[in-house]
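Breakdown of the fold
So you can see what is in the structure, the chains are spelled out below.
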Protein chains: 2
Amino acid sequence: MALAFSSGPPDGGPRSAAKILDAARDVLSAQGYPALTIEAVAAAAGVGKSTIYRWWPNKEALIADALAEIFRAEEIPDLGDTHAELRHAVDMTIDNYTNEDIAASLPALAAGLLPHPELMSRFRETFLHRKRENIAAALRRGVQRGDLPHDLDTDLVQDVWAGTILYRRLMTDTPTDTALAEHLTRLVTENGSGFAPRASRTPT
Amino acid sequence: MALAFSSGPPDGGPRSAAKILDAARDVLSAQGYPALTIEAVAAAAGVGKSTIYRWWPNKEALIADALAEIFRAEEIPDLGDTHAELRHAVDMTIDNYTNEDIAASLPALAAGLLPHPELMSRFRETFLHRKRENIAAALRRGVQRGDLPHDLDTDLVQDVWAGTILYRRLMTDTPTDTALAEHLTRLVTENGSGFAPRASRTPT
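Residues numbered from 1 in each chain as written. Chains lettered and ligands numbered in written order. Predicted model: local features only at pLDDT ≥ 70, side-chain atom pairs only at ≥ 80, totals over all residues. Heavy atoms only, no water.

**Here's the deal with the interface of chain A and chain B**
In this complex, chain A contributes 41 residues to the contact, which on the side of chain B involves 42 residues. Across the chain A/chain B interface, buried area totals approximately 3,700 Å², and carbon plus sulfur atoms make up 63% of it. On the chain A side of the interface with chain B, the three residues burying the most area are Tyr-167, Met-171 and His-183 of chain A, jointly 19% of the side's total. Our count for the chain A to chain B interface comes out at 2 salt bridges. Here Arg-168 of chain A makes a salt bridge to Asp-159 of chain B, at a shortest N to O gap of 2.5 Å. Between chain A and chain B we count 6 residue pairs in polar contact (both at pLDDT 80 or more) in total. Among the elements of the structure, α6 (100-113), α7 (117-144), α8 (154-172) and α9 (178-189) of chain A are those that each provide at least two residues to the side of chain A that touches chain B. Across the side of chain A that touches chain B, the residue classes break down as 19 nonpolar, 11 polar and 11 charged. (Contact = heavy atoms within 4.5 Å. Buried area = accessible area lost by both parts, 1.4 Å probe. Salt bridge = Lys/Arg side-chain N within 4 Å of Asp/Glu carboxyl O. Polar contact = N/O pair within 3.5 Å; in protein donor to acceptor, adjacent residues only side chain to side chain. Helix = DSSP H or I, 4+ residues; strand = E, 2+ residues; numbered from the N terminus. Nonpolar A, V, L, I, M, F, W, Y, C, P; charged D, E, K, R; others polar.)

**Some points on the nonpolar core**
Core analysis: the largest hydrophobic core is formed by 123 residues, its most contacted members being Trp-161 of chain A together with Trp-161 of chain B. Here Trp-161 of chain A is in contact with Leu-86, Ala-89, Val-90, Ile-135, Leu-139, Leu-184, Thr-185 and Val-188 of chain A, once residues within four sequence places are set aside. (Core = buried A, V, L, I, M, F, W, Y, C linked by side-chain atoms within 4.5 Å. Buried < 20%, exposed > 50% of the residue type's maximum accessible area, 1.4 Å probe, protein only.)

**Remarks on the domain arrangement of chain A**
Residues and elements named next belong to chain A. Each assigned domain of chain A is listed here: domain 1 (14-68) and domain 2 (82-199). Using only C-alpha atoms to locate each centre, domain 1 and domain 2 end up separated by 28 Å. With 10 residues of domain 1 in contact, the opposing surface of domain 2 contributes 10 residues. Summing both sides of the interface, domain 1 and domain 2 together bury roughly 890 Å²; the carbon and sulfur share of this comes to 76%. Looking at the side of domain 1 facing domain 2, the largest losses of area belong to Tyr-33, Glu-60 and Leu-67, adding up to 53% of the total buried there. At the junction of domain 1 with domain 2, the criterion picks out 0 salt bridges. Counting every contact that joins domain 1 to domain 2 gives 0 residue pairs in polar contact (both at pLDDT 80 or more). In terms of residue count, helix α4 (residues 59-68) provides more of the side of domain 1 that touches domain 2 than any other element does, 5 residues in total. Tallied by class, residues from the side of domain 1 that touches domain 2 come to 6 nonpolar, 2 polar and 2 charged. (Domains from an automatic or database assignment.)

**Brief notes about the relation of the copies chain A and chain B**
Superposing chain A onto chain B takes a rotation of 180° plus a shift of 0.0 Å along the axis, which leaves an RMSD of 0.1 Å. In the structure described here, the two chain copies are related by an operation that fits a two-fold rotation axis. Closest to the rotation axis within chain A is the C-alpha of Gly-163 of chain A, separated from it by 2.0 Å. In this assembly the copies share their binding face: 100% of the residues contributing to the interface of chain A also contribute to that of chain B. (Least-squares fit on C-alpha atoms with pLDDT ≥ 70 in both.)

**Description of the side chain of Arg-141 of chain A**
Residues and elements named next belong to chain A. On the secondary structure map, Arg-141 appears in helix α7. Given a relative accessible area of 17%, Arg-141 falls into the buried group. Within polar-contact distance, the side chain of Arg-141 engages the backbone oxygen of Pro-77 at 3.4 Å. Not counting the four nearest positions on each side in its chain, Arg-141 is found in contact with Ile-76, Pro-77, Asp-78 and Glu-85.

This is how it looks when you write it as structure tokens:
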């Protein structure tokens, strides 16, 4: 259990930490992020408020750790199939933003952390960096296979994928289903040159 | 002045409303959305708190109206040039999310409104519907000119544009500059088939 936002394991060690993080997710699901209080999490976990505050400086840090445990950022296996690997990456991203706990909290969390550069940097490390590295590795395999342009902008690909999914969940409330997953995957596998800065583009 | 979130003009009519909305933006810039209170806006506007509450039910509604005034959603002129019109659309979207007041507030606002379907629907109407309609009209002109596929998914195009820009501002803190604007524009003008559900795709 990585506790990126804690200053160390709380009283009672890992078992107590797990209980507190479980409780944090339960309260989050029931009440939503804005209404969530450390008091409510402490009550649900059956610990004192001071136990939580001893290890997490504030609500943002506690929730960030609680969500980090369920946020998908795994390595994408080398399947020898660029489309399949990219679809894995898109599905992973959709899972993250479709999980109600994560989807309802990440933007408010990000907004709450923005004024605190040090927390924000750990937030990006936790929620973005590892996922992006693992997806970039899959994209680079596609480049090596000749399925994607050599100068593919892997950051832009990921911003388009994650951005579109987050925007649909948050702003337009339209489905993030398998049709979207397939569409976003093919947008890259079949139009890779669109994601290359100076690729051999053919004008329309 | 459209006050989509107000139940009517406040005491003193349009001039008083303008003063309150100006004050709301000032306080928002200075303190950020989470810390903003109706009290602070009332003080900055030189009106009583009750004047504001008489017309706006809550902080979300007041801020939504204050931001709606500066949110770009204008009609895109017919320039006879699909690339230029789409670039106008992308620039408008970047402007909206680059404006500090809007960028810092929209996600928190959206998250705050999500539990209130009626407010959420007015929020979408105010911030999304008109902008999306005007951009869709420009995309349809591109289709009519034969520059874009006849079955272009105009919603997906807009979700990709706005999502990528919002995500860069909120999550990765990477530039939303003219290079990105041009890249997002060409992603559609030069790879339109990627945004068509069953278009004549060439496998890579």
